[in-house]
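An overview of the molecular structure
In case you want the letters, here they are:
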Amino acid sequence: KRVGLGQFPLPSSPSTTIRGVIALRDISKGEPIIEIPYEMALDLGRESADPTLPATTLLQQYCQWKSGADGPDMKGRGDYFAMLPTYMSADCLGSTDFFSESALEMMQSPIVVEETLLRRQLVEARYERDIETMAQMSSNLYRWGNEEGSGSSIATLSHLQWATWLITSRVLTVQGSPEETVAHRLLIPLIDMCNHDRDSLHL
């Protein structure tokens, strides 16, 4: 009742909009902005510097949902997965992860270019090491589904790149119970659309 998803016009180009969380009414200081049951969070494991590790878990569960398979991991996940930006949709185009080599060369921020290229290397290494290997053992693990009637297909390197982008753009690092010393990477419906400081403590 407090917030919802909406389109924001960019100040530099009002005809261009981006999706985000908007307030539906005044929210007082100290009042909760969003409340999501913990059970709806998708726990992708412990925090690490490599986003491709949780991306493989997300991709596997997404493929399971996309192919119509049921399982304990799918409980309540379908509605959330259906809300995620689809593979190579317009939402992806604003990320340097999907820029062409020539577009990256035109960037005026070497730090962003370096980070993007490093992430691409991590994606390639993870795909070869984990997804290709696991898909050879069981074609059901990363089954992307039917592509234009060509029959069942396995998730590609590009699919893992897309899943990694979902992780880097949406995941929150959340501290567990007080006795825990580790933080977990969580995808939380609606809250994943809020800007936040990755290095701040989320409880």
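Residues numbered from 1 in each chain as written. Predicted model: local features only at pLDDT ≥ 70, side-chain atom pairs only at ≥ 80, totals over all residues. Heavy atoms only, no water.

Okay, the sheet that holds strand 6 (residues 172–175) next. Sheet architecture is open: 3 strands sit in the order 3-7-6, paired in antiparallel fashion. Strand pairing shows two members of the sheet lacking a second neighbour, strand 3 (42–46) and strand 6, which therefore form its edges. Averaged over all adjacent pairs, the angle separating strand axes in this sheet is 40°, with direction ignored. Strand direction decides the pairing type here: strand 6 and strand 7 (residues 183–187), joined by 4 bridges, are antiparallel. In the sheet register, Val174 faces strand 7, and the bridge partner there is His184. (Pairing = 2+ DSSP bridges. Helix = DSSP H or I, 4+ residues; strand = E, 2+ residues; numbered from the N terminus. Axes fitted to C-alpha atoms, helices over the stretch in contact; angles between N-to-C directions.)

A few words now on the pairing of strand 2 (residues 13–23). The side chains of a regular strand alternate, residue by residue, between the two faces of the sheet. Note that strand 1 (residues 3–10) and strand 2 share 8 bridges and pair antiparallel. Within strand 2, the residue paired with Pro9 across the bridge is Thr17. Where strand 1 folds back onto strand 2 in an antiparallel hairpin, the turn is made up of 2 residues.

What follows deals with the packing of aromatic side chains. This model, assessed by the stated rule, comprises 10 aromatic pairs. Plain terms: the ring middles of Tyr80 and Phe81 are 6.3 Å apart, the flat faces sit at 35° to each other, and that makes the pair tilted. On the basis of relative accessibility, which here comes to 6%, the residue Tyr80 falls in the buried class. Assessed through its relative accessible area of 1%, Phe81 is described here as buried. Put simply, the rings of Tyr62, Trp65, Tyr80, Phe81, Tyr87, Trp144 and Trp162 pair up and form one aromatic cluster. (Phe/Tyr/Trp six-rings, centres within 6.5 Å; stacked < 30°, edge-to-face > 60°. Buried < 20%, exposed > 50% of the residue type's maximum accessible area, 1.4 Å probe, protein only.)

Looking at the element boundaries, Ser95 is found in the loop between helix 2 (78–83) and helix 3 (101–105). A relative accessible area of 12% means that Ser95 is categorised as buried. For Ser95 and Trp165, which are 70 residues apart along the polypeptide, the C-alpha to C-alpha distance reads 8.1 Å.

It is worth spelling out the side chain of Thr164 at this point. Relative to the helices and strands, Thr164 resides in helix 5 (residues 157–170). Given a relative accessible area of 0%, Thr164 falls into the buried group. If sequence neighbours within four positions are ignored, Thr164 has contacts with Pro51, Thr52, Ala55, Arg119 and Val123. (Contact = heavy atoms within 4.5 Å.)

Now for the nonpolar core. Of all hydrophobic cores here, the largest spans 26 residues; its most connected members are Leu58, Leu59, Phe81, Leu160, Trp162, Ile167 and Leu187. Looking at this core, the elements that each hand over two or more residues are strand 3, helix 1 (52–66), helix 2, helix 4 (110–137) and helix 5. Filtering out sequence-adjacent residues up to four positions away, Leu187 remains in contact with Met40, Ala41, Leu42, Leu44, Leu58, Tyr80, Leu166, Ile167, Arg170 and Val171. Counting 5 residues, the second largest nonpolar core, distinct from the first, contains Leu172, Val174, Leu186 and Ile188. (Core = buried A, V, L, I, M, F, W, Y, C linked by side-chain atoms within 4.5 Å.)

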